[in-house]
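Observations on chain architecture
Here are the chains, one letter per residue:
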There are 2 protein chains.
Amino acid sequence: MENWIKGNLSNKDIVLSSRIRLARNIKDIKFPHNLDEDKSKEVIDIVENAFYYSSDIKHNYKSIRLWENDSITNRTYLEKHLISNKLLINNKKSAFILNNEETISLMINEEDHIRLQCITAGLNLGEAYNIANKLDDLLEENLKYAFDEKLGYITACPTNIGTGMRASVMLHLPTLTINNQIGEVLNVLSQVGMTMRGLYGEGSKTIGRIYQISNQLSLGLSEEEIINNLKAVVNQIINQEKLTRDKLMESHKYEIEDRVYRALGILKSAVLIDSFEVLTLLSDVRLGVEMGMINNVDKSIMNTLLLDTQTATLQKTYKDKLTEKEIQFNRAKLVREKLNSIN
Amino acid sequence: MENWIKGNLSNKDIVLSSRIRLARNIKDIKFPHNLDEDKSKEVIDIVENAFYYSSDIKHNYKSIRLWENDSITNRTYLEKHLISNKLLINNKKSAFILNNEETISLMINEEDHIRLQCITAGLNLGEAYNIANKLDDLLEENLKYAFDEKLGYITACPTNIGTGMRASVMLHLPTLTINNQIGEVLNVLSQVGMTMRGLYGEGSKTIGRIYQISNQLSLGLSEEEIINNLKAVVNQIINQEKLTRDKLMESHKYEIEDRVYRALGILKSAVLIDSFEVLTLLSDVRLGVEMGMINNVDKSIMNTLLLDTQTATLQKTYKDKLTEKEIQFNRAKLVREKLNSIN
């Protein structure tokens, strides 16, 4: 799998990443929210032992225990989509196993004992599923999962019972957003059992015009069906976004160019930028890259900036706690230097 | 006198230009608003003959009859501050004499028969007055002015009776504007018999944070007193503006830099800019030039852009009538190309 941030995607691509997440629980152990710290740490040992049992994968992974880190370090993982907010909340008793490429993350003591996620660049759900499936098999060699013949995998939340799988795709939908068509997209999605969330998962505001589309239920359909349905829906949305872009370029060419080039101009010159504005401006520039107006900035730069400008990631590079203004200053400096160093 | 637009002023200067305007009327001829077109054109002949009588200045001047021009050409003179709105309204029967350097403009059939104005770069009222005074003497050799021993020069509007002189200074007051201190300045000015208007004279909105300060009355004071009073008041306002800049740099250094560099970034990249926004952005960049943040853009470039981006001046360079969007496009293009060609 290719790391979606550094991945060498086509500039035309509207999809940033594809993710498969499997929820699993260990038989005869209570769900994480019913476990105290000691018992939780036992679960971590059990899962890690099962995972590392196969010695040939060991060197490519590291284990991270959230209670051993400061809160800023933990937040940087969240900002990179490597862990969930729930895992962060459980930081006194949660951990995760991460591969070197940062494409695989096995969260322990999130809502379920195990939340295994595989993230890859572009629209590539099949590949992500294959890897997730192999790792799931590997775990199962040494673990007994809570499983019901009729229902499937048993999970803490009923919406995950069944396959325990959530497939999701992260897309950049700037013109559907600007044109106020996201509401329509949401309506269609809910009718076909899908859901859409913002850049940072459940309940997060839609910022930077980046959305995550995923299946809402994991019961009653096979993994393959879930993936195929999602792929079909995502392709439809991509076509809608492309159509809107074409229409806007016909009716409002100068306005679109103005938006794109102004955003690039501001990012190259601003001295203070807040976390919301930077995502909007990066979305404008990304649109320019995707539409071929800007040719010297590639997608990996856009993705790197998307994450490196997040507050905890910025804060992490400094020893002292920064004020909000210092964070804004360093955010602007980082973006300015990066974009001005190009060509 | 130095043309204020091209003038090589110090970048630190807050004053753009100084102007002396003398109102004069010819004895025994009715004021312009009571004259028909034929009689008005006779006045034009009388004034031109008196002016050109001294043959050694002839080659440096041209006469422009407003009714011979299209309305866009006439508006470009207004945008350059070479004629007044009133002269433009009287375009069926008004004219003006302009020198090659565009520092002297003698308007005929404005509110009075003669409105002689001398505009020079920087705070230089004395020089402008000396030139105006000489030209006034030259005219008087061949014209009989309407003059009353007690009142002084007789004018159409009572506020101009006396010296018939209005002295005015154009200044850039960005931080007083941003800090909402312009109201205070206005209060003080009205207490000392001065008035403040926007970039385009009486009743014009204050745009681009550029103001014209002038004496309100011309009766009861000598020309020298009017000039000295105005100079004193202007110097006080300059100090206030400088003080505000220093204070802001102490308390909001990053915010000021952000404003300046963003404006420059936007002007270098925008594809559409309207006439109001361009003046605000140019004011931000001008502030940066005046404060030494931007060193490669000099004042003459700022002044040229200030005028060249005005609607009629832009329109004038194209044969066909442009739509509002085309004007915005060409305005942005002009600014972009000019600023990107520097350094």
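Parameters and conventions
- All residue numbers refer to position in the chain's written sequence, counted from 1.
- The naming scheme follows written order: chains are lettered A onward, ligands numbered 1 onward.
- Note on the predicted model: pLDDT of at least 70 is required for a residue's local features to be given, and 80 or more for side-chain atom pairs to be given and counted; whole-chain, interface and lining totals, by contrast, use all residues.
- Calculated side-chain values reflect all of the structure's heavy atoms, with hydrogen atoms and water omitted.
- UniProt positions are given in the numbering used here, feature names are shortened, and annotations may be inferred rather than shown by experiment.
- Least-squares superposition aligns the copies on the C-alpha atoms of those residues with pLDDT at or above 70 in both.
- Contacts: residue pairs with any heavy atoms within 4.5 Å of one another.
- Each residue is assigned to one of three classes by its accessible area relative to the maximum for its type, calculated with a 1.4 Å probe on protein chains only: buried under 20%, partly exposed between the two thresholds, exposed over 50%.
- Only DSSP runs of H or I reaching four residues or more are called helices, and only runs of E reaching two or more are called strands; each is numbered from the N terminus.
- As used here, the arc is the angular range of directions from the helix axis to the C-beta atoms.
- Accessible area that two parts lose when put together, with a 1.4 Å probe and added across both, is what the buried area reports.
- Any Lys or Arg side-chain nitrogen found within 4 Å of a carboxyl oxygen on Asp or Glu counts as a salt bridge.
- We define a polar contact as two N or O atoms separated by no more than 3.5 Å, with the added condition that, inside protein, one atom must be a possible hydrogen donor and the other a possible acceptor, whereas residues neighbouring each other in sequence contribute only through side-chain atom pairs.
- Basically, the charged four are Asp, Glu, Lys and Arg, the nonpolar ten are Ala, Val, Leu, Ile, Met, Phe, Trp, Tyr, Cys and Pro, and anything else, Gly included, counts as polar.
- Strands were regarded as paired on the criterion that DSSP finds at least two bridges between them.
- In this description, a line fitted to the C-alpha atoms serves as the axis of each element, helices being fitted only across the stretch in contact, and the angle between N-to-C directions of two axes falls anywhere from 0 to 180 degrees.

Going by what an unreviewed UniProt entry lists, chain A is known as Protein-arginine kinase and is assigned to Clostridium acetireducens DSM 10703. Within the UniProt record for chain A, the comment given under Function (unreviewed entry) is "Catalyzes the specific phosphorylation of arginine residues in proteins." Checking UniProt for chain A, the heading Sequence similarities (unreviewed entry) contains the comment "Belongs to the ATP:guanido phosphotransferase family."

Now for the relation of the copies chain B and chain A. Between chain B and chain A, the superposition needs a rotation of 180° and an axial shift of 0.0 Å, giving an RMSD of 0.0 Å. Such a combination of turn and shift is consistent with a two-fold rotation axis. Ranked by how close their C-alpha atoms come to the rotation axis, the residues of chain B are headed by Gly265(B), at 2.3 Å. Looking at the interface residues of chain B, 100% of them are also at the interface in chain A, so both copies use one shared face.

The next thing to look at is helix 6 (residues 182-191) of chain A. Residues and elements named next belong to chain A. Those residues of helix 6 that sit buried are Ile 182, Val 185 and Leu 189. Projected down its long axis, helix 6 shows its buried positions confined to an angular sector of 55°, all on one face. Looking at the buried residues of helix 6, the elements they touch are helix 5 (174-178), strand 9 (194-197), strand 10 (210-215) and helix 7 (223-251). Following helix 6 by one or two positions, Gly 193 has its phi on the positive side, about 75°.

With that out of the way, let us pick up the interface of chain B and chain A. Tallying the contact residues gives 17 residues for chain B and 17 residues for chain A. Carbon and sulfur atoms make up 61% of the area that chain B and chain A hide from each other, which totals about 1,600 Å². A per-residue breakdown of the area chain B buries against chain A is headed by Tyr254(B), Arg262(B) and Val271(B), which together make up 36% of the total. Linking chain B with chain A are 4 salt bridges. Across the chain B-chain A interface, the total number found is 12 residue pairs in polar contact (both at pLDDT 80 or more). Among the elements of the structure, helix 8 (253-267) and helix 12 (324-340) of chain B are those that each provide at least two residues to the side of chain B that touches chain A. Of the residues forming the side of chain B that touches chain A, the biggest block, 8 residues, is contributed by helix 8 of chain B. Looking at the side of chain B that touches chain A residue by residue, the classes come out as 8 nonpolar, 3 polar and 6 charged.

Next up on the list: the sheet that holds strand 9 (residues 194-197) of chain B. Each strand in a sheet pairs with its neighbour through backbone hydrogen bonds, running either in the same direction (parallel) or in the opposite one (antiparallel). Residue and element names in this part refer to chain B. The sheet built from 8 strands is open, its strands ordered 2-3-4-5-1-8-10-9 with antiparallel pairing. Sheet topology places strand 2 (61-65) and strand 9 at the edges, where each strand pairs with a single neighbour. Each strand of the sheet is rotated relative to its neighbour by a mean of 20°, with strand direction disregarded. Bridge count between strand 1 (residues 15-24) and strand 8 (residues 165-172): 7 bridges; the pairing is antiparallel. Residue Ile 20 lies in a different strand from strand 8, and its bridge partner there is Ala 167. Contacts from helix 6 (residues 182-191) reach strand 9 and strand 10 (210-215) within the one sheet, and its direction differs from that of strand 9 by about 145°.

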